Amino acid sequence: MRHRLYGSLLVIAMLVALVAPAFAHHALQAEYDTTKRGGFTGTLTKFALINPHVRWYFDVKSPDGSITKWEVTGAGAGPLRQSGMSRIFKVGDTYKVTYAPARDGSHLGRVVDFTFADGRVVTLFHEDPNNPNDN
Amino acid sequence: MTRRFIRSSAMTALAVALVWFLPAGVVAQGGQTQARAGNEPAAPTPRTSDGHPDLTGLWVRGGGGSNVNAPDPNAAITVLTKGRPCAPGQGECAPGVNFERDSGIQQRMTSNIPMYKPEFWEKVQYLDHNGNAEDPTFSCLPAGVPRMGAPAQIFQKGNQLAFLYQQQNTFRIVRFGPHDPINSVDQTPLGDSVAHWEGDTLVIDTVGFSDDTWLGWPGWFHSNNMHVIERMTRQGNTLTWQATVEDPDVLLKPWTMDARTLRLNTDSNAFLVPDLPCSERDLEHMVTKERG
């Protein structure tokens, strides 16, 4: 069963890899500083399965009790949905989030990984901060 | 159990890392996880009762399919994710390369470029340079004909064909017969499409375009006087699509796009999954003009 799952995920990846970049999309580096990392632990308030990029919205509680709104973005909605990612995030749960920060300083980031409350880590970032070609 | 869990998590992360690269609107077809792209060259071309090829089917881009039938999850995942960050249990990883920068270069490197009249090249360059703001697809607007390419699914019956496109849940109705006097002058992203057969090739003639779609990523605009001729030929389980753009207002000569080959998805359980909504929220945060 598990092999079947892996096989399915692989097939999705292979199929999409065959598709030429027929459609335009935003460049990661135009919006985010991929050389940097930030992090917070927050409560998921909304998971938006939208194009061109899925978005997660968080409430992050400060030590003084105040709440800061945060937003992180990920891949295209269709591929994430097909890979099953759309079903694993639950509003109200707490996640530790690592992200590449928005260059404009807003409370926005490109997600690097999510650490779930049960210890699972889902990595959603492919850029290597040590590779000059990536930054 | 822990090891199994870690492996499971790693595999999931790897798969997601792969799909990270994808632009919006990539064709997503339900059931493709079990897809059997028809790759038997000798498959007969089905025909309708009037003797013409029947283009009905779910069509997969890329022309591949041989690897789809029997993937080796472990080995192939290792290869496919070699350029990605290491996840627990993944093993050795090579440095990544920048997909979006590569894509931006790749999309400008084509030698098949529409030849604009001299007075329009500055406009093309401006649109290209400011594509993050100017490219209509970045704002969730339709790609339109012919930029949206070949359909993902075709239904052919009687004197009509229905073309389904996954991106933005778009459909076109192509009719045999004359252009509609109203639809052909309405100026829309899809225009008014009529077809006829030239041998076994379906020739689709489309007019009535708006001028707010592009022909391609590098700022290739067009006028609302555009005329598009698409040719579709089915041979067995392969479908070839090619479009020619005539736009005498802005182009020196007709421009023929690179042909695309599609293969039939022969899995009777496969289906086209509707696209998800699009909402542009990146542009206000862009600090450079780089795009991919």
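First, a word on scope: everything that follows refers to the structure included in this document. This structure is a prediction, so every number in the text was calculated from the model and none was measured. (Residues numbered from 1 in each chain as written. Chains lettered and ligands numbered in written order. Predicted model: local features only at pLDDT ≥ 70, side-chain atom pairs only at ≥ 80, totals over all residues.)

The subject of this paragraph is the overall build of chain B. Looking only at helices and strands, chain B has five helices and 14 strands in total. A total of 292 residues make up chain B; the buried ones form 40% of that total. Across chain B, contacts joining residues at least 24 apart in sequence account for 63% of those joining residues at least 6 apart. (Helix = DSSP H or I, 4+ residues; strand = E, 2+ residues; numbered from the N terminus. Buried ≥ 20, exposed ≤ 12 C-beta atoms within 10 Å, placed from the backbone. Contact = placed C-beta atoms within 7 Å.)

This part takes up the overall build of chain A. On a plain count of helices and strands, chain A comes out with three helices and six strands. In chain A, the order of α-helices and β-strands from amino to carboxyl end is α-α-β-β-β-α-β-β-β. The 135 residues of chain A split such that 44% are buried. Contacts in chain A between residues far apart in sequence, at least 24 positions, make up 53% of those at least 6 positions apart.

Looking now at the environment of H196(B). All names here are of chain B. Position of H196 relative to the elements: it lies in strand β6 (residues 192-198). By C-beta crowding, H196 is classed as exposed, having 11 other C-beta atoms within 10 Å. Placed 21 residues apart in sequence, H196 and R175 show a C-alpha to C-alpha distance of 8.6 Å. Those residues in contact with H196, other than ones at most four positions away along the chain, are F176 and V203.

In globular proteins that are soluble, nonpolar side chains generally tend to be buried together. Ranked by internal contacts, the top residues of the largest apolar core, which has 37 residues, are L55(B), W59(B), L239(B), V245(B) and L262(B). Contributing elements (two or more residues each) for this core: β2 (57-61), β4 (160-165), β7 (201-207), β8 (214-216), β10 (227-235), β11 (238-246) and β13 (260-264) of chain B. In terms of residue count, β11(B) provides more of this core than any other element does, four residues in total. Contact partners of V245(B), with chain neighbours within four places excluded, come to P114(B), P146(B), L215(B), H222(B), M226(B), V228(B), P254(B) and W255(B). By size, the runner-up hydrophobic cluster in this structure holds 24 residues, among which are Y32(A), A75(A), A77(A) and F114(A). (Core = buried A, V, L, I, M, F, W, Y, C linked by C-beta atoms within 7 Å.)

So, about the pairing of strand β5 (residues 170-176) of chain B. All names here are of chain B. Relative to β5, β4 runs antiparallel, the two sharing six bridges. Looking at the pairing, L161 lines up with V174 of β5. What sits between β4 and β5 in their antiparallel hairpin is a turn of four residues, with Q168 showing a positive phi close to 60°. (Pairing = 2+ DSSP bridges.)

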